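The lines below spell out each chain.
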Amino acid sequence: MTSVDVRSESDSEDSGPSGYAAARLRLLQGEARSGPPRRSALADLTDDWLTGLFTAAGAPRGAALVAVGGYGRGELSPRSDLDLLLLHDGSADAGEVAALADRIWYPIWDLGLALDHSVRTPVEARKTAGEDLKVQLGLLDARHVVGDLGLTAGLRTAVLADWRNLAPKRLPELRELCEERAERQGELSYLLEPDLKEARGGLRDATALRAVAASWLADAPREGLSDARRRLLDVRDALHLTTGRATDRLALQEQDQVAAELGLLDADTLLRQVYEAARTVSYASDVTWREVGRVLRSRSVRPRLRAMLGGGKGAAAERSPLAEGVVEQDGEVVLARAARPERDPVLPLRAAAAAAQAGLPLSLHAVRRMAAAVRPLPTPWPAEAREQLVTLLGAGRPTVEVWEALEAEGLITRLLPDWERVRCRPQRNAVHTWTVDRHLVETAVQASELTRRVGRPDLLLVAGLLHDIGKGWPGDHSVAGEIIARDVAARIGFDRADVAVLATLVRHHLLLIETATRRDLDDPATVRSVADAVGSLGTLELLHALTEADALATGPAAWSTWRGSLVTDLVKRVGAVLSGDEPEGAEDIAPTAEQERLAVEAFRTGGPVLALRAQTEGSGDETPGDPEPLGVELVIAVPDQPGVLSAVAGVLATHRLAVRTAEFRGMGVPTGGDDSVLLLNWRVAAEYGSLPQAARLRADLVRALDGSLDITGRLAERDAAYPRRRGTVAPPPRVTVASAGSRLATVIEVRAQDAPGLLHRIGRALESAGVVVRSAHVSTLGSNAVDAFYVTGTEGAPLSGEGAAGVARVVEEALRG
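Reading the values: rules and limits
Residues numbered from 1 in each chain as written. Predicted model: local features only at pLDDT ≥ 70, side-chain atom pairs only at ≥ 80, totals over all residues. Heavy atoms only, no water. Core = buried A, V, L, I, M, F, W, Y, C linked by side-chain atoms within 4.5 Å. Buried < 20%, exposed > 50% of the residue type's maximum accessible area, 1.4 Å probe, protein only. Helix = DSSP H or I, 4+ residues; strand = E, 2+ residues; numbered from the N terminus. Contact = heavy atoms within 4.5 Å. Salt bridge = Lys/Arg side-chain N within 4 Å of Asp/Glu carboxyl O. Pairing = 2+ DSSP bridges. Axes fitted to C-alpha atoms, helices over the stretch in contact; angles between N-to-C directions. 1 Å grid on protein atoms, 1.4 Å probe; cavity = no way out; pocket = protein on both sides within 12 Å on 5 of 7 lines; lining within 4 Å. Points joined across faces, edges and corners; volume = space filled by probe spheres on them. Nonpolar A, V, L, I, M, F, W, Y, C, P; charged D, E, K, R; others polar. Expected span 1.5 Å × (residues − 1).

Draft legend 1. Structural context of the nonpolar core. Counting residues in hydrophobic clusters, the biggest one holds 94 residues, and the most contacted among them are L362, W381, W403, L416 and W419. Ranked by residues supplied to this core, first place goes to helix α14 (residues 347-358) with 8 residues. Discounting chain neighbours no more than four positions away, the residues touching W403 are L389, L392, L393, I412, L416, W419, V441 and L465. Residues L680, V735, A785 and V811 belong to the second largest nonpolar core, which totals 47 residues.

Draft legend 2. Local environment of the pattern of salt bridges. Under the counting rule described, the total for this entry stands at 55 salt bridges. The shortest N-O distance in the salt bridge between R290 and E332 comes to 3.1 Å. Taken as a pair, R290 in helix α13 (residues 267-308) and E332 in strand β7 (residues 332-335) lie far apart in primary sequence, 42 residues in all. As far as burial versus exposure is concerned, R290 and E332 are alike and both buried. Here R294 and E291 are joined by a salt bridge, their closest N and O atoms 2.5 Å apart. Taken together, the residues span about one helical turn, with R294 and E291 both in helix α13 at a distance of 3 residues. Look at R294 and you get buried, because its relative accessible area is 15%. Each of R290, E291, R294, D330, E332 and E401 takes part in a single network of salt bridges with overlapping partners.

Draft legend 3. Local environment of the sheet that holds strand β5 (residues 319-323). One open sheet holds the 3 strands; their spatial order is β5-β6-β7, and the pairing between them is antiparallel. Taken across any chain shown, the strands that pair with only one partner, and hence form the sheet edges, are β5 and β7. On average, each strand axis in the sheet is tilted by 40° relative to the strand beside it, whichever way the strands run. Pairing of strand β6 (residues 326-329) with β7 involves 4 bridges; the strand directions are antiparallel. The residue bridging Q329 from the neighbouring strand is E332, located in β7.

Draft legend 4. Structural detail: empty space enclosed by the protein. A full pass over the atoms with the stated rule returns 3 cavities of 30 Å³ or more. Roughly 60 Å³ of volume is contained in the largest cavity. Forming the boundary of the largest cavity are Y190, R279, V400, W403, E404, E407, W419, D437, R438 and V441. Elements with a contribution of two residues or more to the lining of the largest cavity: α17 (398-408) and α20 (436-448). Residue contributions to the lining of the largest cavity peak at 4 residues, all from α17. For the lining of the largest cavity, the class distribution of residues is 5 nonpolar, no polar and 5 charged. Together, L610, L634, I636, V648, V651, L652, L697 and L701 line the second largest cavity. Elements supplying a minimum of two residues to the lining of the second largest cavity: β9 (632-639), α29 (644-654) and α30 (694-706).

Draft legend 5. Expanded view of α20. Its 13 residues give α20 an end-to-end C-alpha distance of 19 Å, which sits within 8% of 18 Å, the value for a rise of 1.5 Å per residue. Within α20, 13 of the 13 residues are buried, which leaves the element mostly enclosed by the surrounding structure.

Draft legend 6. Structural view of the environment of A43. Relative to the helices and strands, A43 resides in helix α3 (residues 36-56). The class for A43 is buried, based on a relative accessible area of 3%. Each C-alpha atom of the pair A43 and R73 lies 8.9 Å from the other, and the pair is 30 residues apart in sequence. Apart from the residues within four sequence positions on either side, A43 is in contact with Y71, G74 and L76.

Draft legend 7. Local environment of the environment of A444. You can see A444 is positioned in helix α20. Note on A444: relative accessible area 0%, which makes it buried. For the pair A444 and L461, spaced 17 residues apart in the sequence, the C-alpha separation amounts to 5.3 Å. If we ignore the near neighbours within four places in the chain, the residues touching A444 are L393, L461 and G464.

Draft legend 8. Just the pairing of β9, in detail. Along β9, 8 of the 8 residues are buried, which leaves the element largely enclosed by surrounding structure. Of the strand pairs in this sheet, β9 and strand β11 (residues 676-686) are connected by 8 bridges, and their pairing is antiparallel. The residue bridging V635 from the neighbouring strand is N681, located in β11.

Spelled out as structure tokens, the structure:
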């Protein structure tokens, strides 16, 4: 069905609201058309209907109905607002104009369509546009629908003239508006639930680029921009159709439906297309606003310069050499006049490194010229190419903008073909801030600040760039990444020994953080396994820095003073082993004076005693604003008895204390007998407000241990008091037995959605399975809890394979129930 067919069919029926509504429904439900043809047809259909309303209302002479904004551009999405201006020359009676407006607006409202409307004379429209930038932007797309064509044409001419005359003043306002919106909404190309219109790189920015072009001061790079804009509009159309709402936010629970509506494989494919489109718009915006700034600066400088030169034409822009074939000109990095990209395959990396080191953007013209002419690098790369890549990666924050410029023109995937699989790949994990590719660049940026800590900064920077390169391949991304890293490292010219180190760093980039937060560092088997995997002190040094850079580049939930202290402790222990100072067995750490006092008091009273102390004094490494401070140390001593883990965890949950770590051990008391006290060291943090009093914690703990406190009931009541929020369904919990985790105990690892009382439930399940918990290592990343429990049988030995599997099943069933 063509747009002509729709109009003729609607004309043959009732031309009122019901006829329009029926034709509109047929158009939106038709499968033959989508994208720009459907948006255009919907605008044409709406034009015809509004023309009928305008004519039937007996519009006076000197009046016109004008479409503005998206409707003015002929781009109506299924749930778009109708942006309309009733324009009149002021000759008609005010009551007559108001009656005309009512006869048009009310039928629109009766259909439930959103309407943004105004009634103005051309003088009033220009005055309002001069006062309100958003109004002026809408009028730049003004399109005549019906009525006095001359009136509309006159307004369009005047508005465009006003816009061009006032561009030096209004364009900085528009840029500030775009930046404020980006600050509020974030970057479309990285958000898991992006706003297609308002986020940076979205439809609002694409409209702003049209406005800049209309000013005649600058123009956006056009290659790919119209396709990117069309893709975002197509996604918004599908979102409107699947939700039935006028929404621009692509929520997680709707992405699969939207992908299906667009005929895409899955939600990840949808997000990658959205991200690619957004990057095109964002890059075009960056280039365009730089050009606007350059033009406005030159306009302010030239009159003074001409006066100084006695009215001459001025001087040529100064060009400062930066590297071979690369110069700075007017705040950008451009190619030297003598540069020959077709003969110099290293030029893109040399230009990029020079730009990043100088903190300057790469000229669009320079990047495009290199992309069009440069020859591929030989394999392996020459030493200069590898050195320039390392220089680019080591430049810090400016690396990001330069890298994006190369990527926008396809140069990155030509240099590193394996990059294509991670480019724009979403990470459906609340811990991650960035897409996979941007996370890799961000890791290199973070690593650039740690290069003074390692003997081979080049290997650290390249490992940062490659550590997640295996994402997007089946299986463990660290295993896949090791294979890819070997190939890439050899291709870019590292020798065999360096290739092996890089492969080890990629394969084990999660080893330190996972071991430090989930394993017992006092167990020699833990430290020995890490030492065996790392192999040398030099590699350990690099892996330590890479771990920190990776976590800092992930997001605020992935790194903290606490996690850093755990990793540092592990690195010291592993370093001792690699230096030949390996302990023979588990160290018997002497209790502190305070721990001894608490143990004696617990034995004397026959009940729990505790000490609660905020860890702020003397920690030495806590910094203001740390996303996860060291928290509070809670030391509990209690006569050895069953049920201690679940009781303490439950009491802490009822007092809204989040557990960071938990360590348990038995301690003899000087009584001359076999009496022992269980000593528990916890690190906790208050979820809200201040910490509870130690006396209240002890009173509840006494009741929990004697069974008079219904912890499960309390937690259930608290959970029921809060309304359920709509959101994605969490994956089911998974409980596994860590192979070769320890020679002294069996390690049960639990991965589950974090929730109040989770540790209490796990403790009850372990106790019901009849095992003894030696220690617990609790780690929370965003909404995910990853906890490890060192358990033994009642006789103190590790569990058999069958017994350990049985305990894991018991815990998993308890958490799923």
